[in-house]
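# Residue-level structure breakdown
Below are the chains, spelled out letter by letter.
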Amino acid sequence: MGWFSTFINSSIGKKLIMALTGLLLIIFLIIHLLGNLTLFAGADAFNTYAGTLKKFEPIVRVIEVLLTIIFVLHIYNGAVLWWTNRKAKGSLYAVNARSKETNIFARTTIQTGSIIFIFLVIHLQTFWYPSNFSGGEINLYGLVTGWFAQPVYSGFYIFAMILLGFHLNHGFQSAFQTFGWNHKKYFPLIQKIGTLYAILTALLFASIPVYFLFFHGGN
Amino acid sequence: MNGNNLNLKLKIWRQPSPKAVGAFKDYSVSVSPDASILEMLDELNNDLERRSEEPVVFESDCREGICGTCGLVINGQPHGPIPKIATCQLHMRHFKDGDTIYIEPFRAKAFPVIKDLAVDRSAFDKIIQAGGYISVNTGGVPDANEIPINKNIASEAFDSAACIGCGACVAACKNGSAMLFVSAKVSQFALLPQGQSERKERVEAMVATMDEMGFGSCTNTYACEAECPKGISVRNIARLNREFLIASLSSQNVEE
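Residues numbered from 1 in each chain as written. Chains lettered and ligands numbered in written order. Predicted model: local features only at pLDDT ≥ 70, side-chain atom pairs only at ≥ 80, totals over all residues. Heavy atoms only, no water.

It is worth spelling out the sheet that holds strand β3 (residues 73–74) of chain B at this point. Where strands meet in a sheet, backbone hydrogen bonds hold them as pairs that are either parallel or antiparallel. The mixed open sheet is built from five strands, whose spatial order is β2-β1-β5-β3-β4 (chain B). Edge positions in the open sheet fall to β2 (23–31) and β4 (77–78) of chain B, since each of these has one partner strand only. (Pairing = 2+ DSSP bridges. Helix = DSSP H or I, 4+ residues; strand = E, 2+ residues; numbered from the N terminus.)

Attention now goes to the nonpolar core. In terms of nonpolar packing, the biggest core is built from 77 residues, with Val182 and Phe215 of chain B touching the most fellow members. Per element, the largest residue contribution to this core is 11 residues, and it comes from helix α9 (residues 151–179) of chain A. Apart from residues no more than four positions distant in its own chain, Val182 of chain B is found in contact with Ile127, Met206, Met210 and Leu240 of chain B. With 29 residues, the next largest nonpolar core counts Leu6, Leu8, Leu41 and Met92 of chain B among its residues. (Core = buried A, V, L, I, M, F, W, Y, C linked by side-chain atoms within 4.5 Å. Buried < 20%, exposed > 50% of the residue type's maximum accessible area, 1.4 Å probe, protein only. Contact = heavy atoms within 4.5 Å.)

Next up on the list: the side chain of Ser177 of chain B. All names here are of chain B. Mapped onto the elements of the fold, Ser177 is located in the loop between α4 (168–172) and α5 (179–190). For Ser177, a relative accessible area of 4% corresponds to the buried category. At 3.3 Å, the side chain of Ser177 forms a polar contact with the backbone oxygen of Gly216. (Polar contact = N/O pair within 3.5 Å; in protein donor to acceptor, adjacent residues only side chain to side chain.)

Note that strand β1 (residues 6–14) of chain B and strand β5 (residues 100–104) of chain B share four bridges and pair parallel. In the sheet register, Leu10 of chain B faces β5 of chain B, and the bridge partner there is Ile101 of chain B.

Here the focus is helix α4 (residues 57–89) of chain A. Here α4 of chain A is 33 residues long and its end C-alpha atoms lie 47 Å apart, about the 48 Å a rise of 1.5 Å per residue gives. By the burial criterion, the buried members of α4 of chain A are Glu64, Leu67, Ile70, His74, Asn77, Gly78, Leu81, Asn85, Ala88 and Lys89 of chain A. Packed against the buried residues of α4 of chain A are α2 (11–36), α5 (98–101), α7 (109–133) and α9 of chain A together with α4 of chain B. Phi for Gly90 of chain A, located one or two positions after α4 of chain A, is positive at around 75°. (Expected span 1.5 Å × (residues − 1).)

Our focus in this paragraph is the packing of aromatic side chains. The geometry of an aromatic ring pair is captured by two quantities: the separation of the ring centres and the angle between the planes. Residues and elements named next belong to chain A. Summed over all chains, the structure comprises 32 aromatic pairs over all chains. Between the aromatic rings of Phe105 and Phe166, the centroid separation amounts to 5.0 Å while the plane-to-plane angle is 85°, which identifies the pairing as edge-to-face. Separated by 61 residues along the polypeptide, Phe105 in helix α6 (residues 104–107) and Phe166 in helix α9 bring together distant segments of the chain. On the numbers, 4.8 Å between centres and 35° between planes, the contact of Trp147 with Tyr153 is tilted. For Tyr153, a relative accessible area of 10% corresponds to the buried category. (Phe/Tyr/Trp six-rings, centres within 6.5 Å; stacked < 30°, edge-to-face > 60°.)

Below, the discussion takes up the confidence of the model for chain B. On average, residues of chain B carry a pLDDT of 96, and 99% of them reach 70 or more. Two numbers describe this predicted complex: its pTM, 0.95, and its ipTM, 0.93. (pLDDT = per-residue confidence, 0-100.)

Here we come to the interface of chain B and chain A. Residue-level contacts link 52 residues of chain B with 40 residues of chain A. Contact with chain A buries surface across chain B, with Arg107, Lys174 and Arg235 of chain B losing the most and accounting together for 15% of the total. Put simply, chain B and chain A have 20 residue pairs in polar contact (both at pLDDT 80 or more) between them. Looking at the side of chain B that touches chain A, the elements with two or more residues in it are β4, β5, α4, α6 (199–212), α7 (223–227) and α8 (235–250) of chain B. A total of 10 residues in the side of chain B that touches chain A trace back to one element, the largest contributor, which is α8 of chain B. In terms of residue class, the side of chain B that touches chain A is made up of 28 nonpolar, 14 polar and 10 charged. (Buried area = accessible area lost by both parts, 1.4 Å probe. Nonpolar A, V, L, I, M, F, W, Y, C, P; charged D, E, K, R; others polar.)

Residue and element names in this part refer to chain B. The end-to-end C-alpha distance of helix α1 (residues 37–50) is 20 Å, a good match for the 20 Å that 14 residues give at a rise of 1.5 Å each. Buried within α1 are the following residues: Ile37, Leu38, Met40, Leu41, Leu44, Asn45 and Leu48. Down the axis of α1, the smallest arc covering the buried residues is 150°, so these residues share one side. Packing partners of the buried residues in α1 comprise β1, β2, β3 and β5. Just beyond α1, the residue with positive phi is Ser52, at close to 60°. (Arc of directions from axis to C-beta.)

Before going further, it helps to examine the layout of surface pockets. Empty space among the atoms can be located by rolling a probe the size of a water molecule over them. Its volume calculated, the second largest pocket comes out at about 570 Å³. Lining the second largest pocket are 28 residues, and of these Asn9, Ser10 and Ser11 of chain A together with Ala208 and Asp211 of chain B sit closest to its centre. Elements represented by at least two residues in the lining of the second largest pocket include exactly α1 (3–9), α2 and α4 of chain A together with α6 and α8 of chain B. Among the elements that make up the lining of the second largest pocket, the one with the highest residue count is α6 of chain B (seven residues). (1 Å grid on protein atoms, 1.4 Å probe; cavity = no way out; pocket = protein on both sides within 12 Å on 5 of 7 lines; lining within 4 Å. Points joined across faces, edges and corners; volume = space filled by probe spheres on them.)

Structure representation (structure tokens):
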């Protein structure tokens, strides 16, 4: 088996994969968000941004492959950990006192994660696939605003972003704890930064469908 | 005295054997507010024996919160609703007349029920056997303060060593994880000079045994710290993660 496989398949090894992939996804979200915000500047700004990405297509493709690996590791490992942990607990108590011991964000990562996964599949289907495989140039701005004009689509998008905020609020500080970076002086700050990051990410991502649904309908 | 007594309804988990299906059984008791919850169970057991019924099996030893033998889940919380005490230190004055109290065993796959409220915690012993010790040369008693240790380090090691190994962390964890226990035991040695020679092998062996025993992994909900009767900090878990990462990457152990 070898020492590396023993290490990475241990309970702590699996958690380290979650933490490492989680932090990389946190960085990815920042970049993704900054790109999305060009939507507020209108069709030209957004299409120019999308066009710039097209120019660097080989690099984007490599990043996409890496992102796929990161996502798959995070989702697969998360599911495996959830399942083994469920088995390790066995039966539950007659009285549920969880809310006295823990916060809701920490308890619900599998639920929020699952819904974010569904969101991700829909997201790739509606935006990523047409922008890459529709053949020829497409007006990406029109595609995006068209979807956001639909209340059901936007509603689910906003809902998923709120849950993403929940997920990140736990995940951010949890990653640092898993790396062993819990210091009396800095950890309270890390927790605050994590919460701030989670709120900002959720709000800013969700603000885009809100804007196009209510204030800028259709186009 | 009897005028002050609390009339309580108890729902106690009864399970005749490890494989049997358990269930809650109702009991009505009248108990002094000055009694501890274990004394209440003692009285109940006296009653049951008088009526030739099977007494409730539960574990206890020192009854002053230092041995870690007692451990009941009271209304869903290991060691009950009051923070930083063991079950034996929980007094009935914290309950109100007419309350219903659920008393259950610690629940985790790695802690199978032996009978009623007693669980088998020998998985903890296996983890300690795997690395929870230091090797010392026999001979004369070493001089006090022969090895200088910074007061802050000594205090931190002592905080970790305050773990009484009761298993409340496992019972509180939604994953049945033993990370708080293992991290406290790894920390107390990793911090002190006496623990250095076996430092890397220790953490590798203890984590491997922890996984083998069927404990879950840590999802950083920190329920363990909230329920620990000794207030062991989850910073120990961060240290364990750190120690395990460093040991895995740098120990001489290439096989397994």
